[in-house]
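Analysis of the macromolecular model
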Amino acid sequence: MSSEIGKTTGKVVEVPAQLMQSCLQNAIFNITRVQPFFGSIMQCLEISYSAIVPTAGVMFDSKSRKWLMYINADWFCNKLNDDHRTAVLLHEIYHITHK
């Protein structure tokens, strides 16, 4: 399980690791199935769950020369449905491809 501190409540939110993996895998699969180009980009990113972001975000790490994506597990897994998760990941990819 991953523990995150809720931004609004200050409570620790437990998100099972299996749920986090499933939510991310399903969203990446949906993108790859419908838009293979963006799906291939998703598969090259280093994606991490983290409470440092309230929702999701991407950044370029100049040290490792990689794009990183951070996702708030509670928000992504507990607050969004499959279609919204897919849309969020596409939105984050657009920050990279339309820069």
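Residues numbered from 1 in each chain as written. Predicted model: local features only at pLDDT ≥ 70, side-chain atom pairs only at ≥ 80, totals over all residues. Heavy atoms only, no water.

1. Points about the overall build of the protein chain
A tally of helices and strands in the protein chain yields 4 helices and 5 strands. Secondary structure elements of the protein chain, listed N to C terminal, follow the sequence β-β-α-α-β-β-β-α-α. The 99 residues of the protein chain split such that 38% are buried. About 6200 Å² of surface is accessible on the protein chain, with carbon and sulfur atoms providing 56% of the total. (Helix = DSSP H or I, 4+ residues; strand = E, 2+ residues; numbered from the N terminus. Buried < 20%, exposed > 50% of the residue type's maximum accessible area, 1.4 Å probe, protein only. Areas by Shrake-Rupley, 256 points an atom, 1.4 Å probe, with all protein chains shown as cover.)

2. Notes on the pattern of salt bridges
One pass over the full model with this rule turns up 3 salt bridges. Note that K66 is salt-bridged to E46, the shortest N-O span being 3.4 Å. Here E46 lies in strand 3 (residues 46-49) and K66 lies in strand 5 (residues 66-71), a separation of 20 residues in the sequence. Measuring nitrogen to oxygen at the nearest pair gives 3.1 Å for the salt bridge that ties D74 to K79. (Salt bridge = Lys/Arg side-chain N within 4 Å of Asp/Glu carboxyl O.)

3. A closer look at helix 4 (residues 82-97)
When the terminal C-alpha atoms of helix 4 are compared, their 23 Å separation across 16 residues agrees well with the 22 Å that a helix rising 1.5 Å per residue should span. Among all positions in helix 4, only R85, T86, V88, L89, L90, E92, I93 and I96 are buried. Structurally, the start of helix 4 carries an N-cap: the backbone nitrogen of D83 is 3.1 Å from a side-chain oxygen of N81. (Expected span 1.5 Å × (residues − 1). Polar contact = N/O pair within 3.5 Å; in protein donor to acceptor, adjacent residues only side chain to side chain.)

4. Looking at the nonpolar core
Membership of the largest hydrophobic core comes to 24 residues, with the highest contact counts inside it found for M42, I71, F76 and L89. Elements with a contribution of two residues or more to this core: strand 2 (12-15), helix 1 (17-34), helix 2 (36-42), strand 5, helix 3 (73-79) and helix 4. Those residues in contact with F76 that sit more than four places away from it in its chain are C23, L24, A27, Y49, I71, R85 and L89. (Core = buried A, V, L, I, M, F, W, Y, C linked by side-chain atoms within 4.5 Å. Contact = heavy atoms within 4.5 Å.)

5. Re the confidence of the model for the protein chain
Averaged over all residues, the pLDDT of the protein chain is 90; the fraction at 70 or higher stands at 88%. Here residues 1-5 is modelled with pLDDT under 50, and outside its nearest four sequence neighbours on either side it reaches 25 contacts, counting other chains as well. (pLDDT = per-residue confidence, 0-100.)

6. Looking at helix 1
Over its 18 residues, helix 1 runs 26 Å from end to end, which matches the ideal 26 Å to within 8%, given 1.5 Å per residue. When helix 1 is considered as a whole, its buried residues turn out to be M20, C23, L24, A27, I28, N30 and I31. All buried residues of helix 1 lie within an arc of 155° about the axis, which places them on one face of the element. Structural note: helix 1 exposes Q18, F29 and R33 on the side pointing more than 90 degrees away from its buried face. (Arc of directions from axis to C-beta.)

7. Observations concerning unusual backbone geometry
Positioned with a positive phi, R65 is a non-glycine residue whose angle comes to about 55°. Residue position: R65 is located in the loop between strand 4 (56-61) and strand 5. What makes R65 exposed here is its relative accessible area of 65%.

8. Description of the sheet that holds strand 4
The mixed open sheet is built from 3 strands, whose spatial order is 3-5-4. Bordering the open sheet on either side are strand 3 and strand 4, each of which pairs with just one other strand. Going across the sheet, the axis of each strand differs from the next one's by a mean of 25°, ignoring polarity. Direction of pairing for strand 3 relative to strand 5: parallel, over a ladder of 4 bridges. Across the sheet, residue I47 finds its bridge partner in strand 5, namely M69. Seen against the sheet, helix 4 touches strand 4 and strand 5 and runs at an angle of roughly 30° to strand 4. (Pairing = 2+ DSSP bridges. Axes fitted to C-alpha atoms, helices over the stretch in contact; angles between N-to-C directions.)

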